[in-house]
Amino acid sequence: IDKVLVADPKNQAARVARASLFEKYGLSADALEEWRRVAGEWPDAVWVRSRIFVHEKEQARAARPLTLRDGKTYALLVGISRYQRLPEHQWLRYAHEDAVVLERYLRSPRGGALPDSNVVLLTDEKATTAAIRNAFETFLKARAGKNDTVIIFIAAHGIVETTGRRSAYLITHDSDPEDLSATALPMADVQNLVREDLAKVGRVLVYIDACRAGNIGAMRGTNTVNRVIEQLAESEGDLFLFLASGPREYSYEGPQYGGGHGAFSYFLLNALNGDADFNRDGTVNVGEVIEHVREKVVEATFGRQHPRDLGSMERAVTMADLRHPGITLAG
């Protein structure tokens, strides 16, 4: 085609063929330029205008910043403080509250005003292994599509086996620490959900705080859970994975964080609610959330906890529009 056009720059058939090839291989900007040349040299070809219109819309869409308000948003929020088969001194204090307040934020106009049908909140007694599996299957997998956003939030105990395959598990409300394979939720199941079942969803955001130490020390293997969770970042698609702490670190909770939260969850909520708008443009994007949460958590835990972000999502993606009202958070 190029050889033909060198010999005859006004060859209409070659121009149309070139524009069509650009379209075939998804090169919209090049196709638009070529169709405009065709229109200039062939003004009576009314049908060419329709091709120009299509590609102008495509370019306008590409230039517009992507926000999490595009498509529908589905959120699965899990927060487990109380455990049926753990002694009370190993319970957490505020994991359930983190999930509850995040739900309140997501229902606010700033958080997306999600309707009841688009949010599943599982805390304490409701957060059994069966209930979480069911939410994966019948809620997230069955409903989210290619233009949608999925948010997964998990605040709970995590544990890695000290022998055998050293598999990682999330301890649900009814898990038996002495029979993890039969009663707990394998992190492999969460990985499969993100890697395979949600691979065709537009955007996936995963927030995990599974290494809490709280006031009670830690369960065995807790501070190695993040090493396994990080494998989620190998998933394809538009993924934002945010972990509460770094490898071999614990994450902390207490009343000093907004009256009773995990440090990570509290500053995440603050960031989304508006505190992370560093450049004062009235929006909060992924990059601003990362920087705000990382800075505040490190400061508030005296350098003992370093949130870690992974995944492929662009930092310019808008997460919150401050023109819409958010929620009130305790200081």
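Here the structure is a predicted model, which means the values were calculated and not measured. (Residues numbered from 1 in each chain as written. Predicted model: local features only at pLDDT ≥ 70, side-chain atom pairs only at ≥ 80, totals over all residues. Heavy atoms only, no water.)

Caption draft 1: Molecular detail of the overall build of the protein. A count of helices and strands for the protein gives 11 helices and 13 strands. Out of the 331 residues in the protein, the part that is buried amounts to 53%. In the protein, the share of contacts with a sequence separation of at least 24, taken over all contacts with a separation of at least 6, comes to 69%. (Helix = DSSP H or I, 4+ residues; strand = E, 2+ residues; numbered from the N terminus. Buried < 20%, exposed > 50% of the residue type's maximum accessible area, 1.4 Å probe, protein only. Contact = heavy atoms within 4.5 Å.)

Caption draft 2: Molecular detail of the packing of aromatic side chains. Using the criterion set out here, one finds seven aromatic pairs in the structure. Aromatic pair Y207 and F240: ring centres 6.1 Å apart, planes at 90°, arrangement edge-to-face. Residue Y207 is found in strand 7 (residues 203–209), and its partner F240 is found in strand 8 (residues 238–243); the two are separated by 33 residues along the sequence. Note on Y207: relative accessible area 3%, which makes it buried. On the basis of relative accessible area, F240 is assigned to the buried category, the value being 3%. Centroid distance F242 to F264: 5.2 Å. Interplanar angle 80°. Geometry classified as edge-to-face. Remark: F264 occurs in helix 10 (residues 263–275) and F242 occurs in strand 8; sequence separation between them is 22 residues. Accessibility expressed as a relative area gives 0% for F242, which makes it buried. Ring pairs connect the aromatic residues Y207, F240, F242 and F264, which therefore count as one cluster. Taking NZ or CZ as reference, R304 lies 4.3 Å from the ring centre of Y252, over its face. (Phe/Tyr/Trp six-rings, centres within 6.5 Å; stacked < 30°, edge-to-face > 60°. Lys NZ or Arg CZ within 6 Å of the ring centre and 35° of its normal.)

Caption draft 3: The arrangement of the packing of helix 5 (residues 95–107) against helix 10 in detail. Packing of helix 5 against helix 10 brings their axes to within 10 Å, and their N-to-C directions diverge by 5°. With respect to helix 10, the axis of helix 5 lies roughly parallel. Residues D98, V101, L102 and Y105 of helix 5 pack against S265, L269, L272 and N273 of helix 10. Each residue belonging to the contact of helix 5 with helix 10 can be placed in one class, and the counts come to five nonpolar, two polar and one charged. (Axes fitted to C-alpha atoms, helices over the stretch in contact; angles between N-to-C directions. Parallel < 35°, antiparallel > 145°, perpendicular 65-115°, else oblique. Nonpolar A, V, L, I, M, F, W, Y, C, P; charged D, E, K, R; others polar.)

Caption draft 4: Here's a closer look at helix 8 (residues 187–197). Those residues of helix 8 lying buried are M187, V190, Q191, L193 and V194. Down the axis of helix 8, the sector holding all buried residues measures 155°, keeping them to one side. (Arc of directions from axis to C-beta.)

Caption draft 5: Examining unusual backbone geometry more closely. In this model, R280 sits at a positive phi of 55°, which is unusual for a non-glycine residue. Structurally, R280 is set in the loop between helix 10 and strand 11 (283–285). Of note, F302 is a non-glycine position whose phi angle comes to about 55°, a positive value. With relative accessibility at 72%, the residue F302 sits in the exposed group.

Caption draft 6: Here's a closer look at the environment of G202. Mapped onto the elements of the fold, G202 is located in the loop between helix 8 and strand 7. On the basis of relative accessibility, which here comes to 18%, the residue G202 falls in the buried class. Once the C-alpha coordinates of G202 and N147 are considered, the two residues, 55 residues apart in sequence, prove to be 4.8 Å apart. Not counting residues within four places of it along the chain, the set of residues in contact with G202 comprises G145, K146, N147, D148 and D238.

Caption draft 7: Geometry of empty space enclosed by the protein. Evaluation of the coordinates by the stated rule reveals two cavities of 30 Å³ or more. What lines the second largest cavity is simply D98, L102, F153, S265, L268 and L269. Looking at the lining of the second largest cavity, the elements with two or more residues in it are helix 5 and helix 10. Looking at the lining of the second largest cavity element by element, the count peaks at three residues for helix 10. Of the residues in the lining of the second largest cavity, the class split is four nonpolar, one polar and one charged. (1 Å grid on protein atoms, 1.4 Å probe; cavity = no way out; pocket = protein on both sides within 12 Å on 5 of 7 lines; lining within 4 Å. Points joined across faces, edges and corners; volume = space filled by probe spheres on them.)

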